[in-house]
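Below, each chain spelled out in residue letters.
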Amino acid sequence: MSFLQSLVEEATHLIYPHHCNGCGSDLLSKEQLLCVHCLRDLPYTHFANFENNLIENIFYGRLDVKAAHSEYYFSKGQLVQQLIHQLKYKGNREIGHFLGEIMGDTLLKSNRFSHVDAIIPLPMFADKEFKRGYNQATVLSNGISKTMNVPVLNGIIIRSRLTETQTRKHRAERWQNVDGSFSACNIEALSGRNILLVDDVITTGASLEACGKLILQAPGTTLSIATLAHASK
């Protein structure tokens, strides 16, 4: 039976080849989304293993963050940007979930995130999420949740005001743009929880800071942050 199953799988693979989401090379297993070469070449930061890392320093003196991490360095025209573009604009939720699982595995291996007991994706404005069909931070969070076995809390923190894109704004403009853009529907539900706030890319951290400050209004709450990538400004 296993021999016949193997023949069927090989025939199916010939008709419906499975390609790497990075370089486009043909993969052997349908479970693989990136080939070993692309996985090896991704620019891992290893921030999860170190206190006072670059991401934690972004929030120093501004937000009480227990631990912070970005999985990869972001560079224009490189593989990480390509994968994020697929996730955000090409409907490729599968690659987002896959990368979220990688993030979760990194956080699990770091004892600095062992306290996390719930995940909150950085919210999108409802109309924007409706047009895209999903929130990319939620897709990443679901992947992290699968690996870490902690729940994703949706709908407690919402984005109550549509903000302009942050891409071409300077640091001060980014803070002004997101100020007051988040609100809580049931902040008491976060009381005593150790929250991991998740987003796809961090640059200045303005949106994460604004959302994080609201989360920390819940009594006894601690906050950690994880993003897929870090883009220097």
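Our structure is the block above this text.
Rules behind the numbers
Residues numbered from 1 in each chain as written. Predicted model: local features only at pLDDT ≥ 70, side-chain atom pairs only at ≥ 80, totals over all residues. Heavy atoms only, no water. Buried < 20%, exposed > 50% of the residue type's maximum accessible area, 1.4 Å probe, protein only. Helix = DSSP H or I, 4+ residues; strand = E, 2+ residues; numbered from the N terminus. Pairing = 2+ DSSP bridges. Right-handed = clockwise from strand over helix to strand, strands pointing away. Disulfide = S-S within 2.5 Å. Phe/Tyr/Trp six-rings, centres within 6.5 Å; stacked < 30°, edge-to-face > 60°.

1. Looking at the pairing of strand β8 (residues 222–230)
And step 1. The buried count for β8 comes to eight of nine residues, which makes it a mostly enclosed element.
And step 2. Inspection of the sheet shows strand β3 (residues 67–73) paired to β8 by six bridges, in the parallel sense. Across the sheet, residue Y72 finds its bridge partner in β8, namely A229.
And step 3. In this structure, strand β7 (residues 194–202) lies alongside β8, joined through eight bridges in parallel fashion. Its bridge partner being in β8, D199 is matched across the sheet by T227.
And step 4. Handedness of the crossover is the feature at issue here: the chain leaves β7, passes through helix α9 (residues 206–215), returns alongside β8, and the resulting connection is right-handed.

2. Thoughts on helix α4 (residues 79–89)
And step 1. If you check which residues of α4 are buried, you get L79, V80, L83, I84, Q86, L87 and K88.
And step 2. Looking at the residues trailing α4, positive phi occurs at G91, about 70°.

3. Points about the state of the cysteines
And step 1. Within the structure shown, the criterion is met by zero disulfides.
And step 2. The cysteine C20 is free of any disulfide, with C38 supplying the nearest cysteine sulfur at 3.7 Å.
And step 3. The exposure class assigned to C20 is buried, which follows from its relative accessible area of 5%.

4. Comments concerning the packing of aromatic side chains
And step 1. The final tally for this structure, using the stated rule, is two aromatic pairs.
And step 2. Ring plane angle 80° and centroid distance 5.7 Å describe the contact between F47 and Y73, whose orientation is recorded as edge-to-face. Of this pair, F47 sits in the loop between α2 (36–41) and α3 (54–58) while Y73 sits in strand β3, and the two are 26 residues apart along the sequence.
And step 3. Relative accessible area serves as the criterion here: at 8%, F47 is assigned to the buried category.
And step 4. By relative accessible area, which is 36% here, Y73 ends up partly exposed.

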